[in-house]
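Now for the letters of each chain:
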Amino acid sequence: MIGNSLFRFSVIFISIISIISCASSPTGRSQMILKSDASLEQEGARQFRKLRESLPLVQDPRTIDYVACVTNSIIDVVDGDYADLYWELAVVDQPDVNAYVLPGGKIVVNTGILNMATNQDQLAAVIGHEVAHVTSRHANERASRAAVTGVGVDIAAIILGGGYRNQTQGARDALSTGAVLGLLNPFSRLQETEADVIGIEYMAKAGFDPRESVELWKKMNAKNASKIPEYLSTHPSGETRIDDLIAQYPSALEYFNNAKANGLSPNCNL
Ligand SMILES: [Zn+2]
């Protein structure tokens, strides 16, 4: 009898853990989600305000409108709860080739990335990737993992997205030191690949040519020979990434053609 109730206790215990922690990402990958999305979003918004106050924001309305045009087109095709998120954008006058996103949909784009992503479709590949980090709950997943492993990362400070080697100097100065550890942790490759898969879907659904994502990464790789762009430093190696993106072409091109057939063809210009 004792053995039996112990067994039952274990089953109940395991069930409770499973209910709390199991979720699925948009690609169907099971995720450990332990944190409150609302508190992460609140903290993301707080950190975003700090960044906006501290970093040199672009003043040129044409540049801002261009990045906003691409970003809005992508966000328009996001569905579910994330369509109602209070998405915000900051375009920062910094030469580093980088973009990143904070929990709650706060997107930061450096002007440096506009020198690499030289048309709307290539910029859409970057924005789609960052938006996908949010809709895939990657921040919560990271924060949850940190909590379980007892790393002691300030979960409030976890920021998603790009490469953080030199680019973060600005962000590092802007944020409290407690935030730095979470900020500097690169995302796992698994999450990066997932953000690529979901990101190319978003860009294609929004009417951007998904093949331009590969053109962008080819350029990143070419530059890689001399100096690693920050965006690449924490992201999957170029060749793997390109192969993975090409593998998405069949579905992405179908989304793209559907978007065009439905009159979705963005015209964002610098
Ligand atoms: Zn990423």
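Up top is the structure these notes are about.
What counts and how
- Residues numbered from 1 in each chain as written.
- Predicted model: local features only at pLDDT ≥ 70, side-chain atom pairs only at ≥ 80, totals over all residues.
- Heavy atoms only, no water.
- Core = buried A, V, L, I, M, F, W, Y, C linked by side-chain atoms within 4.5 Å.
- Buried < 20%, exposed > 50% of the residue type's maximum accessible area, 1.4 Å probe, protein only.
- Helix = DSSP H or I, 4+ residues; strand = E, 2+ residues; numbered from the N terminus.
- Contact = heavy atoms within 4.5 Å.
- Phe/Tyr/Trp six-rings, centres within 6.5 Å; stacked < 30°, edge-to-face > 60°.
- Lys NZ or Arg CZ within 6 Å of the ring centre and 35° of its normal.
- Expected span 1.5 Å × (residues − 1).
- Pairing = 2+ DSSP bridges.
- Polar contact = N/O pair within 3.5 Å; in protein donor to acceptor, adjacent residues only side chain to side chain.
- 1 Å grid on protein atoms, 1.4 Å probe; cavity = no way out; pocket = protein on both sides within 12 Å on 5 of 7 lines; lining within 4 Å.
- Points joined across faces, edges and corners; volume = space filled by probe spheres on them.
- Nonpolar A, V, L, I, M, F, W, Y, C, P; charged D, E, K, R; others polar.
- Salt bridge = Lys/Arg side-chain N within 4 Å of Asp/Glu carboxyl O.

Student: If you had to explain the nonpolar core to someone new, which residues and values would you point to?
Tutor: Counting residues in hydrophobic clusters, the biggest one holds 48 residues, and the most contacted among them are I74, L123 and V131. It is helix α5 (residues 120-135) that provides the largest number of residues to this core, a total of 8 residues. Beyond its immediate chain neighbours, meaning those up to four positions away, L123 contacts Y66, V67, V70, I113, L114 and A117. In this structure, L55, A90, L102 and V108 belong to the second largest nonpolar core, which totals 8 residues.

Student: Mind laying out the environment of G105, listing which residues take part and the relevant values?
Tutor: The residue G105 is located in the loop between β4 (99-102) and β5 (106-110) in this model. Here G105 falls in the buried class, since its relative accessible area comes to 0%. Between the C-alpha atom of G105 and that of V131, which follows or precedes it by 26 residues, the distance is 7.1 Å.

Student: Tell me about the packing of aromatic side chains, and name the residues and values.
Tutor: On inspection of all chains with the given rule, the structure shows 0 aromatic pairs. The side chain of K205 reaches across the aromatic face of Y255, ending 4.7 Å from its centre. Over the aromatic face of W217 sits the side chain of R241, whose NZ or CZ is 3.7 Å from the ring centroid.

Student: Outline helix α3 (residues 61-76), listing residues and values.
Tutor: In a regular helix each residue adds 1.5 Å, so 16 residues correspond to 22 Å; α3 covers 21 Å between its end C-alpha atoms and thus fits that length. When we look at burial in α3, the residues that qualify are T63, Y66, V67, V70, T71, S73, I74 and I75. Contacts from the buried residues of α3 go to β3 (88-92), β5, α4 (112-116), α5 and α9 (189-205).

Student: Pulling in residues and values, what's your account of the pairing of β4?
Tutor: Residues A99 and V101 point to one face of β4 and Y100 and L102 to the other, with burial holding for every one of them. Relative to β5, β4 runs antiparallel, the two sharing 4 bridges. Its bridge partner being in β5, L102 is matched across the sheet by K106. Between β4 and the antiparallel strand that follows it, β5, lie 3 residues; G104 among them carries a positive phi value of about 95 degrees.

Student: Which residues make up the side chain of S213, and what are the values?
Tutor: By secondary structure assignment, the location of S213 is in helix α10 (residues 211-224). Its relative accessible area of 2% is what places S213 among the buried residues. Residues within four places of S213 in sequence aside, it is in contact with A125, I200, M203 and L245.

Student: How would you sum up the side chain of R29? Please name residues and give values.
Tutor: Residue position: R29 is located in the loop between β1 (22-24) and β2 (30-32). Polar contacts involving the side chain of R29 include one to the side chain of E141, which spans 2.6 Å. Filtering out sequence-adjacent residues up to four positions away, R29 remains in contact with A23, S24, H138, E141, L190, Q191 and E194.

Student: Account for empty space enclosed by the protein, with residues named and values stated.
Tutor: Scanning the entire structure with this criterion turns up 2 cavities of 30 Å³ or more. In this model, the largest cavity occupies a volume close to 110 Å³. Considering the residues around the largest cavity, the lining is formed by 13 residues, among which D37, P103, G104, V134 and R137 are closest to the centre. When residues of the lining of the largest cavity are traced back to their parent elements, those giving at least two are α2 (37-54), α5 and α6 (138-149). Its residues assigned to classes, the lining of the largest cavity shows 6 nonpolar, 4 polar and 3 charged. The volume enclosed by the second largest cavity comes to roughly 50 Å³. If you trace the second largest cavity, you find it lined by A125, H129, A195, D196, G199, I200, M203, S213, W217 and L245. Sorting the residues of the lining of the second largest cavity by element identifies α5, α9 and α10 as the ones contributing at least two each. The dominant element in the lining of the second largest cavity, judged by the number of residues it contributes, is α9, at 5 residues. Grouping the constituent residues of the lining of the second largest cavity by class yields 6 nonpolar, 3 polar and 1 charged.

Student: Can you lay out the pattern of salt bridges for me, pointing to particular residues and giving the numbers?
Tutor: If charged atoms from side chains of opposite charge come close, those side chains can pair. Counted under the stated rule, the structure contains 9 salt bridges. Linking K106 and E88 is a salt bridge whose minimum nitrogen-to-oxygen distance equals 2.9 Å. Of this pair, K106 sits in strand β5 while E88 sits in strand β3, placing them 18 residues apart in sequence. When its relative accessible area of 4% is taken as the criterion, K106 is described as buried. Linked by salt bridges that have partners in common, R29, E141 and E194 make up one network.

This is a description of form; function is not addressed.
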